Amino acid sequence: MNKMNNLEDYAIDYRKSVTEPEKFWAYQAERFVWRKKWDTVLEYDFEDYNVEWYKNGKLNITENCLDRHLLNRSDKTAIHWVPNDPKEQDRIFTYKQLHEEVSRFANVLKNNGVQKGDRVCLYMPMVPELAIAVLACARIGAIHSVVFGGFSADALAGRINDAEAKILLTANFGPRGSKKIGLKNIADEALENCPGIETAIVLQRTDDAVEMKAGRDKWWHEELEKVETFCEPEIMDSEDPLFILYTSGSTGKPKGVVHTTGGYMVYTAYTFRNVFQYQEDDIYWCTADIGWITGHSYIVYGPLLEGATSVMFEGVPTFPDAGRFWRIIDRLGVNTFYTAPTAIRALMAQGLEYVELYKLDSLKVLGTVGEPINREAWDWYHHHIGKNQCPIVDTWWQTETGGIMISPIAGVLPTKPTYATLPLPGIQPVLLDSEGNELKGNGVEGNLCIKFPWPSMIRTTWGDHERCKNTYFSTYKGYYFTGDGCRRDEDGYYRIMGRVDDVINVSGHRLGTAEVENAINMHEAVVESAVVGYPHDIKGQGIYAYVVCDAAKMEVSTMDDLKAEIAATVNEKIGPIARPDKIQIVRGLPKTRSGKIMRRILRKIAAGETSNFGDTSTLLDPSIVEAIKEGVVRDQ
Ligand code: PRX
């Protein structure tokens, strides 16, 4: 069935999805417009990683997001945009208008030489033009690579060059809360190191002036004037790449996760419809940024594929005050609200007076994503926002999975605080011990893997298929390894315990410790560093950096100045999201005799534990640990 309405439906569909996966996913795909039907539903190989869904099927995803709705939903709101500044006007796009805008911008891209398969980098604020440009790329078969507007010039340049993008879409400024982010200035700095970029198209989001580089930079509004509204969709293969999205791993530089067209379409639509139990006239709001996978799958593609009204918000939860989310919910009559635990915790800390001003009686379903939700936040969300009436869907998934994997189905599957609960149909999770044995039965904890393909899974890492194979399919032969630890309780419900690798999750943003260390090490006085996550009340995890410096190379007078400089270096290399919360200057790092940093000890110290370090017999110099303990940074 396309939509599960009760527990029995779930049980039937889940069973079918395991016993007859091809039949199950063929049925789910049939509701879409295919220019040519697929030959086979699934071909795969988890050893030498390769997976193909709906092989030789031909389609265009925007035809399914837009054209398909023109008959019955042409005047229905597709995107309702709420600006950062509440004094500014909302902007509403019906399906008909969105179809026109996407087609026009698709023609702008074509006019600027963009062809099928070319990479387009987007470095934009959360404005409708971002969603329009994403869809415009898909319309002409160009591969979009959205880079979150909070990344630095260096991070942006790295992503542009890795993807070999030939065009950059940006805006003069991006308003966020009381600040304005100088996107164009940052982009200018990045483009000094991006020889492949021929053109930058710049949206005039604010009245502020910016410099335009002759021959390279063009104004968005002027480009639009040069083109027609009609744009025939490019016919794509089901396995043609739809987008690249960079994400951090435990090693090396961020990797470009590649998603393709047909499977991603079927799975994002299926999960959107089912997890949120979406109904035709619902107003749906996901507060993520389109710079992350949540925004791709559940602001743009999933909702539009289902003909939903998707709210898009430019601002932050606390501007102009901590009641902003709740005011928007009442004003727009939002029925489904999907946000991150970090936002819930931040708003919880502001007190109930900001909540009590609002009715919130339009809400039917609440969702969370991005990091484990603690019990206190879950209860607060359930009680004060959902008024004990709204199921909370705690959705576990990843950039690589493309769509929600383990989650309650609103009102259909029972919820359990802090649990992502059960796998969706088509998802076969297993828990493995460190030797790679599947842990059978309930009441077990292990490394979360998936043992069968699903339609929206990662296809490759851009330009480096070996890396994809090594990262996800080689830890445990024959399984996709998620990097998460997980518990299956006595009832068979899944609870995500957090990363088991060197990835930290700060406010729902994934950062590799190696990536942050590399940035810290760029400071000229730094000899080496080790970065770990530690429990943080609002962010979930904070970043704790242990840094060894060369006194001879320090050009600052105080330790505080040095720390500020190190933090600024991280800002410059990655962006403010990677800025360490705590920096401790240490004389050495605890290493084993073979030179490996004992991160386990550093994690414990950062979490405030000063004993129970486990086996420390391999430590080269135990006195270093004592010294670190003494100098530990409590709160900054
Ligand atoms: O550790 C898990 C955590 O976020 C990681 C994926 O991060 P990213 O690719 O940036 O995607 C975030 C949005 C889908 C996972 O490996 N994570 C995500 N959702 C949850 C979660 N941890 C616990 N509960 C969740 N619901």
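Here, residues in each chain are numbered from 1, in the same order as that chain's written sequence. For a predicted model such as this one, the threshold for reporting local features is a pLDDT of at least 70, and the threshold for listing and counting side-chain atom pairs is 80 or more; totals across whole chains, interfaces and linings nevertheless cover every residue. Excluded from the side-chain calculations are hydrogens and water; all other atoms, namely the structure's heavy atoms, are used.

1. Digging into the site of the ligand
Let me state the cut-off plainly: Throughout, near means a residue has at least one heavy atom within 4 Å of the molecule or strand. The definition of a polar contact used here is a pair of N or O atoms within 3.5 Å, where within protein one atom must be able to donate a hydrogen and the other to accept one, and adjacent residues in sequence count solely through side-chain atom pairs. The Shrake-Rupley method, run with a 1.4 Å probe sphere, supplies the accessible areas, and residue values consider only the shown protein chains as cover. To qualify as a helix, a DSSP run of H or I must reach at least 4 residues; to qualify as a strand, a run of E must reach at least 2; elements of each kind are numbered from the N terminus. Throughout, the ten residues Ala, Val, Leu, Ile, Met, Phe, Trp, Tyr, Cys and Pro are labelled nonpolar, Asp, Glu, Lys and Arg are labelled charged, and all others, Gly among them, are labelled polar.
Around the ligand, a shell composed of 17 residues is seen, among which Asp394, Thr395, Thr399, Asp484 and Arg510 lie nearest. Between the ligand and Glu371 there is a distance of 3.4 Å, counted from a nitrogen atom to a backbone nitrogen or oxygen. At 3.4 Å from an oxygen atom of the ligand is found a side-chain nitrogen or oxygen belonging to Asn505. If the ligand stood free it would expose 540 Å²; the protein chains cover 96% of that surface. If you list the elements that add at least two residues to the shell around the ligand, you get helix H11 (293-305), strand S20 (392-395) and strand S25 (494-499). Class assignment for the residues of the shell around the ligand results in 6 nonpolar, 6 polar and 5 charged.

2. Some words on the packing of helix H13 (residues 341-348) against helix H15 (residues 375-385)
Threshold: Interaxial angle, 0 to 180 degrees, is taken between N-to-C directions of lines fitted to C-alpha atoms, where a helix line uses only the stretch in contact. Throughout, the term roughly parallel applies to angles under 35 degrees, roughly antiparallel to angles over 145, roughly perpendicular to angles from 65 to 115, and oblique to all others. Contacts are residue-level and defined by heavy atoms, with any inter-residue pair within 4.5 Å sufficient.
Here H13 crosses H15 at 75 degrees, and the two axes come no closer than 10 Å. When the axis of H13 is compared with that of H15, the two are roughly perpendicular. On the side of H13, the interface is formed by Ile344, Arg345, Leu347 and Met348, while H15 contributes Glu376, Ala377, Trp380 and Tyr381. Tallied by class, residues from the contact of H13 with H15 come to 6 nonpolar, no polar and 2 charged.

3. Quick notes on empty space enclosed by the protein
This is how the line gets drawn: The way it works is a 1 Å grid over only the protein atoms, where trapped points that fit a 1.4 Å probe form a cavity and open points with protein on both sides within 12 Å along at least five of seven lines form a pocket, and then any residue with an atom within 4 Å of a point lines it. Grid points are joined across faces, edges and corners, and a volume is the space filled by probe spheres set on the points.
This model, assessed by the stated rule, comprises 1 cavity of 30 Å³ or more. Approximately 40 Å³ is the volume found for the largest cavity. The wall of the largest cavity is formed by Asn60, Ile61, Ala138, Gly141, Ala142, Met236, Pro241, Leu242 and Thr261. Of the residues that constitute the lining of the largest cavity, the class distribution is 6 nonpolar, 3 polar and no charged.

4. A look at the UniProt feature "domain: Acetyl-coenzyme A synthetase N-terminal" (unreviewed entry) in the protein
Stated precisely, the cut-off is as follows: UniProt positions are given in the numbering used here, feature names are shortened, and annotations may be inferred rather than shown by experiment.
Mapped onto this numbering, the UniProt entry gives "domain: Acetyl-coenzyme A synthetase N-terminal" (unreviewed entry) at residues 10-65. End-to-end, the C-alpha atoms of residues 10-65 are 26 Å apart, and along that stretch the chain is 43% helix and 25% strand.

5. Details of the state of the cysteines
Here is the rule: Sulfur atoms of two cysteines make up a disulfide when they are within 2.5 Å.
Applying the stated criterion across every chain, the model contains 0 disulfides. Left without a disulfide partner, Cys121 is nearest to the cysteine sulfur of Cys194, which lies 8.2 Å away. Of all cysteine sulfurs in the structure, the one in Cys137 sits closest to Cys231, which takes part in no disulfide; the separation is 11 Å.

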